[in-house]
Amino acid sequence: MFITFEGIEGSGKSTQCKLLKEYLESRGHNVSLTREPGWGTMGKLIRHIILEEKELDIHPLTELYLFCADRVQHVKDFITPRLENGEVVICDRYFDSTIVYQGYGRQLDLYTVKKLAEASTLDLVPDVTFLLNLPVREGLRRLDLRDETTNRMDEEPMEFHELIRQGYISEATLNTNRIKIINASHEADDVQKQIRSLMDSIL
Ligand SMILES: Nc1ncnc2c1ncn2[C@@H]1O[C@H](COP(=O)(O)OP(=O)(O)O)[C@@H](O)[C@H]1O
Ligand SMILES: [Mg+2]
């Protein structure tokens, strides 16, 4: 089973991924937790370019190709072998992030973005995607409290993050079977309860 988490920065993806991993392990599953971008040697190099080199003037199309390049290797070398081994794989961001950030956020041609993002999955579509829905202001507030340094995307203006939030909701409406919208405004444990109850009905 392949599970992905999506949502704006600060929406609680990393927190909820870990809690879901614990839950599924307690139910006897072998679980691998991973994230995008940045898996493996190549992924780390790509992640560094797209998120950490703040002085680089990266064309949105270049950014799109880099995220997709990162994903191809991640799917082929990490995710697929584990799924074939019977594990549950939980991924913090996946191709919906590309569609939403590069399509809705950077406003590249949505058709092109979707074609490339889909191709980058090598046809591996998640069984379920949890979209952590949270007002942008609250996400940014949580980021301020977190001690991690911000990356190139976090530093985008408020309007950019609004486009992302709305883009996610549009995509969820187009993919109601796969993308489950979770109210992420509650305490972490309550958010996790919503996720676990949906997981129970899927498993
Ligand atoms: N439900 C919640 N309520 C309040 N704070 C939260 C909640 N979930 C996570 N946090 C905190 O908010 C910050 C961002 O959460 P995180 O899981 O890192 O989000 P993301 O991975 O989506 O950016 C962290 O400091 C985290 O401890
Ligand atoms: Mg995170």
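For every chain, the first residue of the written sequence is number 1, and numbering continues from 1 along that sequence. To read the labels, note that chains go from A and ligands from 1, taken in the order they are written. Given that the model is predicted, a residue must reach a pLDDT of at least 70 before its local features are reported, and side-chain atom pairs must reach 80 or more before they are shown or counted; all residues, however, enter totals for whole chains, interfaces and linings.

S.K.: Looking at this structure, how should I read the overall build of the protein?
M.R.: Each helix is a run of DSSP H or I of at least 4 residues and each strand a run of E of at least 2, with the numbering of both proceeding from the N terminus. For the protein, the count of helices and strands is 8 helices and 5 strands. Computed over its C-alpha atoms, the radius of gyration of the protein comes to 16 Å, within 12% of the 17 Å expected for a compact globule of 203 residues. If one aligns the C-alpha atoms of the protein with their principal axes, the spans along those axes are about 45 × 35 × 35 Å. Buried residues are those with 20 or more other C-beta atoms within 10 Å of their own C-beta, exposed residues have 12 or fewer, and partly exposed residues lie in between; C-beta atoms are placed from the backbone. Burial status across the protein gives 36% buried among its 203 residues. Contact between two residues is assigned whenever their backbone-derived C-beta positions fall within 7 Å. Sequence separation of 24 or more characterises 78% of the internal contacts of the protein that already satisfy a separation of 6 or more. Atoms considered for the radius of gyration are the C-alpha atoms alone. The globule rule reads 2.2 Å times the number of residues to the power 0.38.

S.K.: What is the right way to look at the site of ligand 1 in this model?
M.R.: Residue proximity rests on one test: whether the C-beta atom, placed from the backbone, lies within 6 Å of the molecule or strand. Every one of the 14 residues lining ligand 1 counts as a neighbour, but G12, K13, S14, T15 and R142 are closest to it. Put simply, the parts of the chain that give the shell around ligand 1 at least two residues each are α1 (13-26), α6 (136-145) and α8 (188-202). Among the elements that line the shell around ligand 1, the one with the most residues is α1, at 3 residues.

S.K.: I'm lost on unusual backbone geometry in this one. Help?
M.R.: Excluding glycine, most residues fall at negative phi; most peptide bonds, likewise, are trans. In this structure, P37 follows E36 across a cis peptide bond, with omega equal to -5°. Of note in this structure, L122 is not a glycine but carries a positive phi near 55°. Mapping L122 onto the fold places it in the loop between α5 (110-119) and β4 (128-133).

S.K.: In this structure, what is going on with the nonpolar core? I would like to understand it.
M.R.: Across soluble globular proteins, nonpolar side chains show a tendency to be buried alongside one another. Judged by nonpolar contacts, the single largest core of 40 residues is most densely connected at I90, L132 and I182. Setting aside residues up to four positions removed in sequence, L132 forms contacts with F5, G7, S11, G12, K13, Q16, I182 and A184. Joined through C-beta atoms within 7 Å, a set of buried Ala, Val, Leu, Ile, Met, Phe, Trp, Tyr and Cys residues constitutes a nonpolar core.

S.K.: In this structure, what is going on with the sheet that holds strand β1 (residues 2-7)? I would like to understand it.
M.R.: The strands making up a sheet associate through hydrogen bonds between their backbones, and the pairing can be parallel or antiparallel. For two strands to be treated as a pair, DSSP must find no fewer than two bridges joining them. Spatially, 5 strands are ordered β2-β3-β1-β4-β5 in an open sheet, and the strand pairing comes out parallel. The sheet is open, and its two edges are formed by β2 (31-35) and β5 (179-183), each paired on a single side. On average, adjacent strands in this sheet sit at an angle of 20° to one another, irrespective of strand direction. The sheet contact formed by β4 and β5 spans 5 bridges and is parallel. Bridge assignment links T129 to a residue of β5, and that residue is I179. Under this scheme, a helix contributes an axis fitted over its contacting stretch, all axes are lines through C-alpha atoms, and angles between N-to-C directions fall in the 0 to 180 degree range.

S.K.: I'm lost on the environment of G28 in this one. Help?
M.R.: Looking at the secondary structure, you find G28 in the loop between α1 and β2. It is 13 Å that separates the C-alpha atoms of G28 and D200, two residues lying 172 residues apart in sequence.

S.K.: It is not clear to me how the pairing of β1 should be interpreted in this structure. Could you clarify?
M.R.: Looking down a regular strand, the side chains alternate between one sheet face and the other. Within β1, 6 of the 6 residues are buried, which leaves the element mostly enclosed by the surrounding structure. Where β1 meets β4, 5 bridges bridge the pair, whose relative direction is parallel. Bridge pairing in β4 places T4 opposite T129.

S.K.: Explanation requested: the packing of helix α4 (residues 95-105) against helix α7 (residues 158-174) in the structure shown.
M.R.: In a packed pair of helices, the relevant descriptors are the angle between the two axes and the axis-to-axis distance. Viewed as axis vectors pointing N to C, α4 and α7 meet at an angle of 125°, and their least axial separation amounts to 9 Å. If you check the angle between α4 and α7, you find them oblique. Between α4 and α7 lies a crossing whose hand is right-handed. Note on element contacts: α7 touches α4 through F160, L163, I164, Q166, G167, Y168 and E171, opposite D96, I99, V100, Y101, G103, Y104 and G105. All residues other than Ala, Val, Leu, Ile, Met, Phe, Trp, Tyr, Cys, Pro, Asp, Glu, Lys and Arg, Gly among them, are scored as polar; the first ten of these are nonpolar and the last four charged. Broken down by class, the residue content of the contact of α4 with α7 amounts to 8 nonpolar, 4 polar and 2 charged. Should an angle lie under 35 degrees it is considered roughly parallel, over 145 roughly antiparallel, and from 65 to 115 roughly perpendicular; all remaining angles are considered oblique. What makes a crossing left-handed is the near helix being turned counterclockwise from the far one by less than a right angle; a clockwise turn instead makes it right-handed.

S.K.: So what exactly am I meant to see when it comes to helix α2 (residues 40-52) here?
M.R.: Side chains three or four residues apart in an α-helix point the same way, a direct result of the helix having 3.6 residues per turn. Among the residues making up α2, those that are buried are G43, I46 and I50. The arc that holds the buried residues of α2, viewed along the axis, is 70°, so those residues lie on one side. α2 presents T41, K44, L45, H48 and E52 as exposed residues on the side facing more than 90 degrees away from its buried surface. Considering only its buried residues, α2 is in contact with α3 (60-84). Regarding the arc, it is the one traced by the directions from the helix axis to the C-beta atoms.

S.K.: Please clarify how α7 should be interpreted in this entry.
M.R.: Take the residue count of a helix, subtract one, and multiply by 1.5 Å to get its expected span. The end-to-end C-alpha separation of α7 is 25 Å, in line with the 24 Å expected for 17 residues at 1.5 Å each. Among the residues making up α7, those that are buried are H161, I164, G167, Y168 and E171. Each buried residue of α7 sits inside an arc of 115° when the element is viewed along its axis, so together they form one side. Exposed and oriented more than 90 degrees from the buried face of α7 are M158, E159 and T173.

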